[in-house]
Amino acid sequence: MLLYPVYALLFADTGLSVWQISSLFVLWSATGVLLEVPSGAWADAFSRRALLWLGPLLGAVGFALWVLVPSYGAFAAGFVLWGVRGALGSGALEALVYEELERLGAAHRYARVMGRAHAVGQAAAMAAMGLAGPLFAAHGYPAVGAASVLACLMCAATATRFPEHRVPADGTDGTDGTGWAATLRAGLGEAHRDRSVRGALLLVPAVSAVWGALDEYTPLLVRDTGVADATVPYLLMLLWAGVTVGSLLAGPAERLGRTGFAVLLALSALALAAGAATGIPAGIALVALAFGGFQLATVLADVRLQHRIEDGARATLTSVASLGTEAVTIGVYAAYAALAGLGGHAAAFALCAVPYLGTAVVTASARRK
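Figured I'd write up the structure that's included with this text. (Residues numbered from 1 in each chain as written. Predicted model: local features only at pLDDT ≥ 70, side-chain atom pairs only at ≥ 80, totals over all residues. Heavy atoms only, no water.)

**Overview of the packing of aromatic side chains**
This is how it is decided: Stacked, edge-to-face and tilted labels apply to pairs of Phe, Tyr and Trp rings (six-membered ring for Trp) whose centres lie within 6.5 Å, assigned for plane angles under 30 degrees, over 60, and everything in between, in that order. Going along the chain from the N terminus, every DSSP run of H or I of four or more residues is numbered as a helix, and every run of E of two or more is numbered as a strand. Burial classification: accessible surface area is computed with a 1.4 Å probe over protein chains only, and a residue below 20% of its type maximum counts as buried, one above 50% as exposed, and the rest as partly exposed.
What the rule picks out here adds up to 28 aromatic pairs. With 5.8 Å between their ring centres and 75° between their planes, Y7 and W82 make a pair best called edge-to-face. On the criterion of sequence distance, the pair formed by Y7 in helix α1 (residues 7-13) and W82 in helix α4 (residues 72-89) is long-range, its members being 75 residues apart. A relative accessible area of 1% means that Y7 is categorised as buried. Residue W82 is classed as buried on the basis of its relative accessible area, which comes to 13%. Seen from their ring centres, Y336 and F349 are 5.8 Å apart, and the 85° between their planes marks the pair as edge-to-face. Of the two residues, Y336 and F349, neither departs from the other in class, the shared state being buried.

**Overview of a positive patch on the surface**
Heads up, the condition is: Like-charged residues within 9 Å of one another, or nonpolar side chains (Val, Leu, Ile, Met, Phe, Trp, Tyr) within 5 Å, are grouped into patches, provided each residue has over 30% relative accessible area and no salt bridge. All accessible areas in this document rest on Shrake-Rupley with a 1.4 Å probe, and a residue is counted as covered only by the protein chains that are shown. Salt bridge, as used here, is a side-chain nitrogen of Lys or Arg placed within 4 Å of a carboxyl oxygen of Asp or Glu. Positive: Lys, Arg. Negative: Asp, Glu. His and the chain ends are not part of the count. Note that the charge is assigned to NZ on lysines, CZ on arginines, CG on aspartates and CD on glutamates.
Together, R109, R112, R116 and R255 make up a positively charged patch on the protein surface. Structurally, R255 is set in the loop between α12 (250-253) and α13 (258-278).

**Quick notes on the layout of surface pockets**
Heads up, the condition is: A 1.4 Å probe that fits but cannot get out identifies a cavity on a 1 Å grid over protein atoms alone, an open set with protein on both sides within 12 Å along at least five of seven lines counts as a pocket, and a residue lines either if it has an atom within 4 Å of a point. Grid points are joined across faces, edges and corners, and a volume is the space filled by probe spheres set on the points. Gly is placed with the polar residues, together with every amino acid not listed as nonpolar (Ala, Val, Leu, Ile, Met, Phe, Trp, Tyr, Cys and Pro) or charged (Asp, Glu, Lys and Arg).
In this structure, the second largest pocket spans a volume of roughly 480 Å³. Along the walls of the second largest pocket sit 15 residues, with G199, R258, R304, V362 and A366 positioned nearest its centre. Contributions of two or more residues to the lining of the second largest pocket are made by α9 (195-214), α14 (284-308) and α16 (354-366). Of the residues forming the lining of the second largest pocket, the biggest block, seven residues, is contributed by α9. Here the lining of the second largest pocket is composed, by residue class, of five nonpolar, four polar and six charged.

Now the structure itself:
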């Protein structure tokens, strides 16, 4: 998506304030909050593959609105559509991959496969950022918007080729809706009964929410270091290089215990705070290192959750974890707007490292209980 490294700049150049930009991010997450769990139950009851190709089509419409009629209303509509896209894919993708691997007797490869899949996606994102710079400089927002719409259409076409051998949860085609309600009850009941599932559900938002929210503000952080707008995509490529390395390490790092996981979070938090506080382009390298650590922790948290879920409600419970992530993310957006308003983007990034230190302490302490 070539719009990624510049869409925050598009909002700012249209005249939106930091509070207005944050309100768009809140709307985006609120859409996910409303649809995360229902979409996961739909994926368990009906077809996961269908949700995976429908979502990108909605995203294409949203991105087209942004560049054709740039305004707060168009940005808001685009984020609602993007939020629906994210909700439809969240849970459905993880469940489809895990169960297709399990069908082949290869569920133990889930961490490695998902890590590599994330890495390929992040490499594609870096390539898009590299292309965004010269394309934006030559043709502006309309060109990067058109390329982003094309990427969504290609994503939808790819999703139609995914294998899906499962039988719907109600044993039918799901058209009567009974399977959806039963699947939702089963998934929530499993979380209520099993303490290990609850712990895994809570770990996902604790690890992924804050840095996932900060990712939306990285173009503004980078621009505040004094670089030109056309240079912003290239420094964002450095951030995504760190995230890609974190994804590739998921397989070997699956052996990390609680203490190792806690150390990973703590070191990443310190790198984030130090890199943001420098206020210079070189500090982005430390932020990239931090994002790589957070991405690795995010994949490992998902792996832990998938290993604890029973197959019938896998997408539902994965979506419950995503719901927690979206809910926390909304709080991060609000907090970020207040922090950035008081001390700027660098200070806001540095202060957002604090929750990770708390999560690291709780995770390490749990080992002794």
